[in-house]
Amino acid sequence: MPTWLMLALLAILILMPVALILISAFSSSTPRPGSIGLSGLTLENFKILSSHQSVTALTNSLVVATSASVLAMFIGGTLAFLAARTNIWGKAVIYFIGIAPMFLPSLVGALAWSLLAGPATGYLNLLTRGIGLGNLFNVYTMPGLIFVLALYYAPYAFLLIHGAMTLMNPDLEEAASVHGGSLGKILSTVTFPLVTPAILGSGVLIFALTMENFPVAQMIGTPGQIETLPTFIYRLMNSAPARGNEAAAVAVVLTVVLIAVTAIQQRVVMKRNFTTVSGKGMKPRMMDIGKLRGVGLAFALGYFALAIVLPVVALLLASLQSSPYVSNLSQLFGEDALSFWSLFQTLQSATFLDAARNSVMVAVCVAVLGAALAFYLSYIVYRTKTPGRKSLEFVAMLPLAIPAIVMGLGLLWTWLVLPLPVYGTIVVLIIAFIAIYLPQGYRGMSASILQVDKDLEDSAVLLGSTRARAVSYVTLPLMKTGVMSTVLLLLMLAMRELSAALFLFTSNTRLLAIVVFDNYDNGALRSAASTSLLYILVILALVVLAKAFGARATNGEAR
Amino acid sequence: MKVTLENIDLKYGDTYAVKGVNAEIEDGHSLVLLGKSGCGKTSTMRCIAGLETPVRGRITIGDQVVFDSEKNINIPSHKRNVGMVFQSYAVWPHRTIFENVAFPLQMKNLGKKEITDRVDEALHLVGLDGFQKRGASLLSGGQMQRVALARSLVMRPSVLLLDEPLSNLDARLRDRLRIELRALQQKLNLTCVYVTHDQGEALALADRIALMQNGKLAQVGSPGDIYENPASASIADFLGVTNIFPVLKNGHPGTYKMAEHRLELTTVDYTLDGDAIKACIRPEDVIVSGQRPDADSNNWAGEVSVASYQGSNVRYLIELDGGPAIEALVSRRDGPPAGKGNRVWVTASPSDIQILPAEVA
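What counts as what
Residues numbered from 1 in each chain as written. Chains lettered and ligands numbered in written order. Predicted model: local features only at pLDDT ≥ 70, side-chain atom pairs only at ≥ 80, totals over all residues. Heavy atoms only, no water. Helix = DSSP H or I, 4+ residues; strand = E, 2+ residues; numbered from the N terminus. Buried < 20%, exposed > 50% of the residue type's maximum accessible area, 1.4 Å probe, protein only. Areas by Shrake-Rupley, 256 points an atom, 1.4 Å probe, with all protein chains shown as cover. Phe/Tyr/Trp six-rings, centres within 6.5 Å; stacked < 30°, edge-to-face > 60°. Lys NZ or Arg CZ within 6 Å of the ring centre and 35° of its normal. Contact = heavy atoms within 4.5 Å. Buried area = accessible area lost by both parts, 1.4 Å probe. Salt bridge = Lys/Arg side-chain N within 4 Å of Asp/Glu carboxyl O. Polar contact = N/O pair within 3.5 Å; in protein donor to acceptor, adjacent residues only side chain to side chain. Domains from an automatic or database assignment. Pairing = 2+ DSSP bridges. Axes fitted to C-alpha atoms, helices over the stretch in contact; angles between N-to-C directions. Expected span 1.5 Å × (residues − 1). Parallel < 35°, antiparallel > 145°, perpendicular 65-115°, else oblique. Left-handed = near helix turned anticlockwise from the far one by under 90°. Nonpolar A, V, L, I, M, F, W, Y, C, P; charged D, E, K, R; others polar.

*Asks:* Explain the overall build of chain B to me, please; I cannot follow it from the model alone.
*Replies:* For chain B, the helix and strand inventory stands at eight helices and 21 strands. Expressed along its principal axes, the backbone C-alpha trace of chain B runs to roughly 75 × 50 × 35 Å. Every one of the 361 residues in chain B was classed for burial, and the buried ones make up 48%. As displayed, chain B offers around 16,600 Å² of accessible surface, 48% of which is attributable to carbon and sulfur atoms.

So, in structure tokens, the structure goes:
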């Protein structure tokens, strides 16, 4: 495939949605079949930005994202330090705790926490009321929103910081020790400064992710009347008639903030890329933290309880309880209070089965096709001298800075306008997810292609093989782990994605995430809970399957 | 086969990596491209392999023009029948040694029997009999080198390219393989192009050496030529001449004056003039003695500031009175070594002092 064809592909996948958002923001009509919606330039749409609602939404977004990233970094960083560099008990368990919440979509986490700490009926409130303390919890608040986001984004900080801490050359610390540094001094003058880029990088990443997060904001924030930019865009699009042009204007603002943040992140990562990795086999030093081991372990277990155990218990209770309304915990222990009826009901329902099939199909296609596209792209960028390869890379990385909900809007308009009959089919969802996760796929693939010395492939060509044969005989087999990990990463991301699908699904192409979201939106909590449980099981099954094919679950990061 | 490079220009972006390179390698001869890193030697070699595309010039292997910018000829790498041993060896770690070495023959669709026989023969040549079944990731550096060599030899290449073939090996293995490589090249009458930055390696492996600086050929000649008569002071420096002093003509025929000191040098060669000329004296040509020698010129007194015992030799750094520090390499046969702080006399024969331009014009 020549480069211009690749460029054309990326233009349709990524540039056109972006362009349509921009056009709509400056136009008085939205794109529709036969028209890209450019009917007279206007700045009218941007008036909405000065409204009280937008200012509040922007402020809320900034406050929530900043606080959630600080909290997530604290949780993730502490766990990473414990798992990578101390003599705490059960390091493998700590590591598992650090990444496990990744397998729980934030949508499901938000649902579980609204079941747990909803103002009147949350299980935790039932508990405190039962022991005479009254209602203590209300998750539908700013702190509640920040807390839930931090819980489910801490694993990103954990992965990045853990990686930096394990790759650190122990000589650097030993040198400090030999020259008279105490443990505290070593930590403050060598260890932490060396992982600063990873800490800052993860901070900015989590800021961007929480800023654009839609499901948690919608499920926790909206009932508490806390609007963020993504939920504001969603509300504008869902009002009748849809206010697409104004939504586009808000989307442009959100995107500009994220582009600025992403640019800072790239800067930080580029400028302060300390090389701490050396070729020889390394074993990082383990620090004796003495009595703090107990505190550390309690911290990890506490996090695990809040992020996984309590939410899963809540989902179980909600899907097993026979009466939809429980006002007192003792009701749950009565006869026939719990039954598997609802869970079986869900498991057999056409809605669930269709959605599960759609989700798996979309995720598998996105993983395979997305990985193939990402491989081809990385190959062009890193293995050829094609002119314009840097601009290919730029376009491929662009979706990183564009919120999924905005990309979803742009893709909706793109496939309305393009004369291909994919709108309303499952294909459009596959295309959309490939587009928004191209940066993750591309990063995974290029990291892996860079690890395979180019000489290995060139030598096959000199020895008489064609380039394609050399790639399949040498390069791809050597990249096996990296390729499989990228496939798994894309599979996971596609399984979890809600925001980008919001504007693209139809009643025939609902995904599991959509079903959970719809059920919640309609107040069908029991059904939402049981679907969520099964949703988690499907995800786990896919992960186990992919790992059996040789993927590593923790290679790379999500959005 | 004979290999010819004519007017090769190679660009990376806007900068020339190789400029105007002309070279001819006779059938069965070896050419060593010698130079510092970044001088364009590896790029030149990669042009022969077809891994880089020059912007100008012509490359011929045997009777076949493999690249000609004017006629738009550019034969792809896999059809040039060029063998190459990469600096990293590029032995495929996920394949066995047999699979590695058999690869070029499989690409030619040869029969099973012939492949097995030729692989055995190639492995025998490099001294790896019986290694066929081993996985390539378990080999030592020297063995990887041999596998890479066998993999190229088995295809009976028109020309064999070797990129820093010995640089990843330890010193003793390097010395041994250097001799083995030279013997193999002469035995098989192979046309070889080596790239190296190590002058000792270049002298040992080459029929001819092409010295490269800044993308251009600075000097081409036999190892003896290059070693005895470097074309410039910077080439002399690269070849291990450590005593290089800027000099000026001072009016007395037959002598130069050091530019930064008041010492005079008597030389045989008295043609060069200008402000960018240098006197070059090999450390092994510097004679050190305890008493004033009876030579009439180039007699300098000084004090030993560093004496470094190297087994067969002693290397001295001597501060000349009113002059620069000069390095001397003295055989241990020439008496007990002088120590730090000893007063000594230093002399050099006028014929051992070369007056050279700083750079090749």
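The rest of the description comes next.
*Asks:* Where do I start with the packing of aromatic side chains in this structure?
*Replies:* To describe a pair of aromatic rings, you give the distance between the ring centres and the angle between the ring planes. Summed over the entire model, instances satisfying the criterion amount to 15 aromatic pairs over all chains. Ring geometry for A:Phe214 against A:Phe517: centres 5.7 Å apart, planes inclined by 55°, an arrangement best described as tilted. Placement of the pair is A:Phe214 in the loop between helix H8 (183–212) and helix H9 (215–221) and A:Phe517 in helix H22 (residues 512–521), with a sequence separation of 303 residues. The exposure class of A:Phe214 is buried, given its relative accessible area of 0%. A centroid spacing of 4.8 Å and a plane angle of 75° characterise the contact between B:Trp92 and B:Phe103, whose relative ring orientation is edge-to-face. Placement of the pair is B:Trp92 in the loop between strand S7 (82–85) and helix H2 (97–107) and B:Phe103 in helix H2, with a sequence separation of eleven residues. Here B:Trp92 and B:Phe103 have matching classes, each one buried. Linked through ring pairs, A:Phe214, A:Tyr234, A:Phe503 and A:Phe517 together constitute an aromatic cluster. Directly above the aromatic system of B:Tyr16 lies the positively charged group of B:Lys19, at a separation of 4.4 Å from the ring centroid. Just above the ring of B:Phe131 sits the side chain of B:Arg134; from NZ or CZ to the centre is 4.3 Å.

*Asks:* Sorry, what's going on with the interface of chain A and chain B here?
*Replies:* The parts lose accessible area when they come together, and the size of an interface is often stated as this lost area. Across the contact, 20 residues belong to chain A and 25 residues belong to chain B. When the two sides are added together, the surface that chain A and chain B hide from each other amounts to roughly 2,000 Å², 66% of it contributed by carbon and sulfur. Taken as a group, A:Leu462, A:Leu463 and A:Tyr473 account for 41% of the area that chain A buries against chain B, more than any other trio of residues on that side. The interface formed by chain A and chain B includes two salt bridges. The residue B:Arg46 makes a salt bridge to A:Asp458 at a minimum N-O spacing of 3.6 Å. Put simply, chain A and chain B have eight residue pairs in polar contact (both at pLDDT 80 or more) between them.

*Asks:* Just checking my understanding: could you explain the domain arrangement of chain B for this structure?
*Replies:* All names here are of chain B. Assigned domains within chain B: domain 1 (3–232) and domain 2 (234–357). Contacts between the two partners involve 16 residues from domain 1 and, on the opposite side, eleven residues from domain 2. Here domain 1 meets domain 2 over a buried area of about 1,200 Å², counting both sides, of which 61% is carbon and sulfur. Area buried by domain 1 at its contact with domain 2 is led by Tyr227, Pro230 and Ser232, which between them contribute 47% of it. Our count for the contact surface shared by domain 1 and domain 2 stands at zero salt bridges.

*Asks:* Would you mind showing me how to read the sheet that holds strand S10 (residues 208–213) of chain B here?
*Replies:* Across a sheet, paired strands are connected by hydrogen bonds in the backbone, their directions being either parallel or antiparallel. Residues and elements named next belong to chain B. The six strands are arranged S7-S8-S9-S3-S10-S11 in an open sheet whose pairing can be described as mixed. For this open sheet the edge positions go to S7 and strand S11 (216–221), each flanked by a neighbour on one side alone. Sheet twist, expressed as the average angle between the axes of neighbouring strands with direction ignored, equals 20°. Where strand S3 (residues 30–34) meets strand S9 (residues 192–196), five bridges bridge the pair, whose relative direction is parallel. Counted as the bridge partner of Leu31 is Val193 from S9. Its contacts with the sheet place helix H1 (residues 41–49) against S3, S7, strand S8 (159–163), S9 and S10, and it is angled at close to 150° to S9.

*Asks:* Any chance you could explain helix H4 (residues 106–117) of chain A here in plain terms?
*Replies:* Residues spaced three or four apart along an α-helix point in a common direction, a consequence of the helix completing one turn every 3.6 residues. Residues and elements named next belong to chain A. For H4, which comprises twelve residues, the first-to-last C-alpha distance of 16 Å matches the rise-based estimate of 16 Å (1.5 Å per residue) to within 8%. Taken across its twelve residues, H4 has twelve buried, putting it largely inside the fold. Among all positions in H4, only Ser106, Leu107, Val108, Gly109, Ala110, Leu111, Ala112, Trp113, Ser114, Leu115, Leu116 and Ala117 are buried. Against the buried residues of H4 lie helix H5 (123–130), helix H6 (142–166), H9, helix H12 (292–320), H22 and helix H23 (525–548).

*Asks:* Help me understand the pairing of S7(B), please; the structure alone is not making it clear to me.
*Replies:* Each regular strand displays side chains that alternate between the two surfaces of the sheet. Residues and elements named next belong to chain B. In S7, alternate side chains face the same way, and those of Val82 and Met84 on one face and Gly83 and Val85 on the other are all buried. Of the strand pairs in this sheet, S7 and S8 are connected by four bridges, and their pairing is parallel. Pairing of Met84 across the sheet is with Leu161, part of S8.

*Asks:* Help me out: how do you make sense of the packing of helix H2 (residues 52–85) of chain A against H6(A) in this one?
*Replies:* Relative orientation and spacing of two packed helices are given, respectively, by the angle between their axes and the distance between those axes. All names here are of chain A. For the pair H2 and H6, the least separation of the axes is 5 Å and the interaxial angle reads 40°. Between H2 and H6, the angle is such that the two are oblique. For the crossing formed where H2 meets H6, the hand is right-handed. When its residues are assigned to classes, the contact of H2 with H6 shows 24 nonpolar, six polar and one charged.

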